[in-house]
Amino acid sequence: MKIIACGSVPTIIAPDRYFTGRVLQTPIIEKEAPARLRATLVSFEPGARTYWDTHPLGQTLYVTAGAGLTQSWGESVRIIRAGDVVSFAPGEKHWHGAGAKTAMAHIAMQEALNGVHADWLEAVTPEQYGG
């Protein structure tokens, strides 16, 4: 058994090469091989969002607070709220983040394939975001 004490893992400001706006990330777990799981608490301030991205083995989000937006490539923007679970298929191009006037937090869970958890793409434009 391993217990990771609350407060023992620092929260970081997410890098602006993957996010628009202020986003905080608090790691929950990153399992060592042969396990592949990574889980992170991600908190978005109003208007903040990820860039377009994909995950080689898919991604699951559990929205813990607030309301936000998400979109898969070629589909309409969807509203997500606390308690919702969002599942992206392997390789599905998508983004997610807060609403224009609402903060949102979620736990992001994904597995690595050959050490890769995510492939980051271009920024979501203001027109795509719509807020």
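Look up a bit, the structure's there.
These figures come from a predicted structure and were not determined experimentally.

(A) Examining the overall build of the chain more closely. Looking only at helices and strands, the chain features one helix and twelve strands. Along the chain direction, N to C, the helices and strands of the chain fall in the order β-β-β-β-β-β-β-β-β-β-β-β-α. Expressed as lengths along the three principal axes of its C-alpha atoms, the size of the chain is roughly 45 × 30 × 25 Å. Across the 131 residues of the chain, 33% fall into the buried class. As displayed, the chain offers around 7400 Å² of accessible surface, 56% of which is attributable to carbon and sulfur atoms. In the chain, the 11 positive side-chain charges and the 12 negative ones have mean positions that sit 4 Å from each other.

(B) Layout of a nonpolar patch on the surface. A contiguous nonpolar surface patch, about 330 Å² in accessible area, is contributed by Leu37, Tyr62, Val85 and Met109. Summarising the element assignment, Leu37 is placed in strand β4 (residues 37–44). For Leu37, a relative accessible area of 33% corresponds to the partly exposed category.

(C) Quick peek at the pairing of strand β8 (residues 78–81). Bridge count between strand β7 (residues 59–72) and β8: four bridges; the pairing is antiparallel. Bridge assignment links Thr70 to a residue of β8, and that residue is Arg78. Between β7 and β8, which pair antiparallel one after the other, the connecting turn spans five residues, and Gly74 there sits at a positive phi close to 85°.

(D) Spotlight on the layout of surface pockets. When its volume is computed, the largest pocket comes out at roughly 440 Å³. Gln25, Arg38, Thr40, Gln110 and Trp120 are, among the 27 residues lining the largest pocket, the residues nearest its centre. If you list the elements that add at least two residues to the lining of the largest pocket, you get β3 (23–30), β4 and β11 (104–111). Each residue belonging to the lining of the largest pocket can be placed in one class, and the counts come to 15 nonpolar, nine polar and three charged.

Quick notes on the rules
- Residues numbered from 1 in each chain as written.
- Predicted model: local features only at pLDDT ≥ 70, side-chain atom pairs only at ≥ 80, totals over all residues.
- Heavy atoms only, no water.
- Helix = DSSP H or I, 4+ residues; strand = E, 2+ residues; numbered from the N terminus.
- Buried < 20%, exposed > 50% of the residue type's maximum accessible area, 1.4 Å probe, protein only.
- Areas by Shrake-Rupley, 256 points an atom, 1.4 Å probe, with all protein chains shown as cover.
- Lys, Arg positive; Asp, Glu negative; His and termini not counted.
- Charge placed at Lys NZ, Arg CZ, Asp CG, Glu CD.
- Patch = residues over 30% accessible without salt bridge, like charges linked within 9 Å, V, L, I, M, F, W, Y side chains within 5 Å.
- Salt bridge = Lys/Arg side-chain N within 4 Å of Asp/Glu carboxyl O.
- Pairing = 2+ DSSP bridges.
- 1 Å grid on protein atoms, 1.4 Å probe; cavity = no way out; pocket = protein on both sides within 12 Å on 5 of 7 lines; lining within 4 Å.
- Points joined across faces, edges and corners; volume = space filled by probe spheres on them.
- Nonpolar A, V, L, I, M, F, W, Y, C, P; charged D, E, K, R; others polar.

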